[in-house]
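# Architecture at a glance
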Amino acid sequence: MRYVLALDQGTTSSRAIIFDDKGRIRGVGQKEFRQFFPQGGWVEHDAGEIWSTQVGVAQEALANAGIRAGEVAAIGITNQRETVVVWDRRTGKPVHHAIVWQDRRTAAACDALREAGHEALVRERTGLLIDPYFSGTKLRWLLDNVEGVREGAEAGELAFGTVDSWLVYNLSGGELHLTDATNACRTLLYNIHTGTWDDDLLELLTIPRAMLPEIRSSSEVYGETAEGLFGSRIPLSGIAGDQQAATFGQACLDKGMVKNTYGTGCFMLLNTGPEPVPSEHKLLTTVAWRRDGRTTYALEGGVFVAGAVVQWLRDGLGIIRHSGEVEQLAMSAPDNGGVYFVPAFTGLGAPHWDAYARGTLVGLTRGSTAGHIARAALEAIAYQVADLLSAMCQDAGLEIPELRVDGGASANDLLMQFQADILGVPVVRPKVTETTALGAAYLAGLAVGYWNDEGEITQNWEEDRRFEPNMDAGERERLLGRWRRAVERAKDWERD
């Protein structure tokens, strides 16, 4: 058993990566899938397409690595979080498109819950805010708006899951209906102190308990793949939501270590150790992972639109043909030329939490060029990360010595240098930037003894490049001040 297979089910594509015992990549498969936008602010996926692309890229990764399923010690799963799937237990078919984490259709319902005074209970039990981002109100929407769903759920005929649960169900041939603590804690239904589904929250959101998955740890043997799926049955032994998996893959295993992932969105997690730390700055208190009966917690901040802003420059604005061209276009301008871009296409996440904010370009003049807009788009990613880190340091009472980075946009040297400049701390990129998939692989491999302990994971982590800040404090504050003014202009735009 020489390899571990990680299934990385993301927001825009399904990926699979084969890793060896040194955490090196041996084979990859990837396929994009369709995005559905039925109304403004609504985002959906075809759960059947998620499954078909995921199993397809797993087979592709095995072929690309030149290995057989019998050589794979374990499968780890990492996934886009908060996305909701409901399916029929008898047929295995979804009852509706999956409602994606980016979807804002429940903004008014969340307003009503807050106005009714439920925010304090939700915050204390879950570590989360009441926001359309999380799974609970999406699930309630399906129960209330899709014919027959509530009746089927109450009769025990329907199953709810986040994407990890949906994949495990299909990988196991319908035998397993479960999730792990890192995904459960993003639903608005999970008590982070007891580690269980919370009856008061289920009642608040009118969710039938019969449709919920069993909650398991992030690293244990749950079962095996179904006969005939890959040629040999492989243990399913690791699950973590994408950001928690990336934190584990970055070897941020000690209290005070922090990482930021630049994907479709941008997500920062700070390891706070065995105790949950409440936030005074609208950050999330979340489960980082649960292993060997012990829970590790984190503070988290999320930016809804990061790499997606580059996709918009390509697909929406048409000023680049390929995402990789954005760095060169941005470098055609010596600075942002006074242009600031707030990419609040689906609202603003932490620390603002404004579901009604919308994308805004300010500071345009006749001299503004495509280069200025491209640079402003990249800088917007870095500014949003700076907002998160500032809030996180205040909540945790810590000074962060460095920021570990990963994800697609971490390959952009211009962005990473600006990120270091605007933070005033070093930004460190590892040699293996596929840390989300790597974290899932580590969790799965630890459960079956492929790796012995976390010390081996720390040893595997290697630095690729360190970006040192070289901007003076006065310039940093000037830029951040103008950014904050731009954010104020984007806020509350969609509210009637």
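Anything mentioned here points back to the structure above.
Below: a short report on this structure. (Residues numbered from 1 in each chain as written. Predicted model: local features only at pLDDT ≥ 70, side-chain atom pairs only at ≥ 80, totals over all residues. Heavy atoms only, no water.)

To continue, consider the layout of surface pockets. As a volume, the largest pocket reaches approximately 1100 Å³. Along the wall of the largest pocket there are 48 residues; nearest its centre are Tyr262, Gly263, Thr264, Gly407 and Gly408. Counting residues per element, the lining of the largest pocket draws most heavily on helix α10 (residues 307–317), which supplies 5 residues. For the lining of the largest pocket, a count of residues per class yields 13 nonpolar, 24 polar and 11 charged. Contributing to the lining of the second largest pocket are 22 residues, with Gln35, Phe37, Gln102, Ala308 and Gln311 lying nearest its centre. For the lining of the second largest pocket, the element with the most residues is α10, which contributes 6 residues. The residue makeup of the lining of the second largest pocket, split by class, is 8 nonpolar, 11 polar and 3 charged. (1 Å grid on protein atoms, 1.4 Å probe; cavity = no way out; pocket = protein on both sides within 12 Å on 5 of 7 lines; lining within 4 Å. Points joined across faces, edges and corners; volume = space filled by probe spheres on them. Helix = DSSP H or I, 4+ residues; strand = E, 2+ residues; numbered from the N terminus. Nonpolar A, V, L, I, M, F, W, Y, C, P; charged D, E, K, R; others polar.)

Within this structure, the stated rule accounts for 2 cavities of 30 Å³ or more. Space inside the largest cavity adds up to approximately 60 Å³. Around the largest cavity, the lining residues are Gly302, Val303, Phe304, Leu348, Gly349, Ala350, His352, Gln384, Asp387 and Trp483. Elements that contribute at least two residues to the lining of the largest cavity include exactly β18 (294–303) and α12 (370–396). The residue makeup of the lining of the largest cavity, split by class, is 5 nonpolar, 4 polar and 1 charged. Here the second largest cavity defines a volume of roughly 40 Å³.

Between α12 and helix α13 (residues 413–423), whose axes approach to 9 Å, the crossing angle comes to 40 degrees. Considered as vectors, α12 and α13 are oriented oblique to each other. Along this stretch, α12 crosses α13, giving a crossing that reads as right-handed. For the pair α12 and α13, the contacting residues are Arg375, Leu378, Glu379, Ile381, Ala382, Tyr383, Val385, Ala386 and Leu389 in the first and Leu414, Leu415, Phe418, Gln419, Ile422 and Leu423 in the second. (Axes fitted to C-alpha atoms, helices over the stretch in contact; angles between N-to-C directions. Parallel < 35°, antiparallel > 145°, perpendicular 65-115°, else oblique. Left-handed = near helix turned anticlockwise from the far one by under 90°. Contact = heavy atoms within 4.5 Å.)

Our next topic: the sheet that holds strand β1 (residues 3–9). Taken in spatial order, the 6 strands of this open sheet run β3-β2-β1-β5-β14-β13, and their pairing is mixed. Each edge of the sheet is formed by a strand with only one pairing partner; in this case those strands are β3 (25–32) and β13 (219–224). The average undirected angle you get between the axes of adjacent strands in this sheet is 25 degrees. Relative to strand β2 (residues 13–19), β1 runs antiparallel, the two sharing 6 bridges. Along β2, the bridge assignment pairs Leu7 with Ala16. Each of β1, β2, β3 and β5 (72–79) touches helix α1 (residues 47–65); the most contacted strand, β3, lies at about 150 degrees to it. Against the sheet, helix α6 (residues 163–171) engages β1, β5, β13 and β14 (235–241), with an angle of about 145 degrees to β5. (Pairing = 2+ DSSP bridges.)

Turning our eyes to something else, we now look at the state of the cysteines. Taken as a whole and assessed by the stated rule, the structure comprises 0 disulfides. Free cysteine: Cys110, not disulfide-bonded; nearest cysteine sulfur from Cys185 at 17 Å. Overall, the relative accessible area of 0% leaves Cys110 in the buried class. (Disulfide = S-S within 2.5 Å. Buried < 20%, exposed > 50% of the residue type's maximum accessible area, 1.4 Å probe, protein only.)

Turning next to the pattern of salt bridges. Pairing of side chains with opposite charge becomes possible as their charged atoms draw close. Taken as a whole and assessed by the stated rule, the structure comprises 41 salt bridges. Across the pair Arg15 and Asp8 runs a salt bridge, and its minimum N-O distance is 3.9 Å. Residue class for Arg15 comes out buried when judged on its relative accessible area of 14%. Classification of Asp8 by relative accessible area gives buried; the value is 10%. With its nearest N and O atoms 2.9 Å apart, the salt bridge here joins Arg105 to Asp103. Each member of the pair Arg105 and Asp103 is classed as buried. Because the salt bridges share partners, they merge into one network encompassing Arg81, Glu82, Arg186, Asp242 and Glu300. (Salt bridge = Lys/Arg side-chain N within 4 Å of Asp/Glu carboxyl O.)

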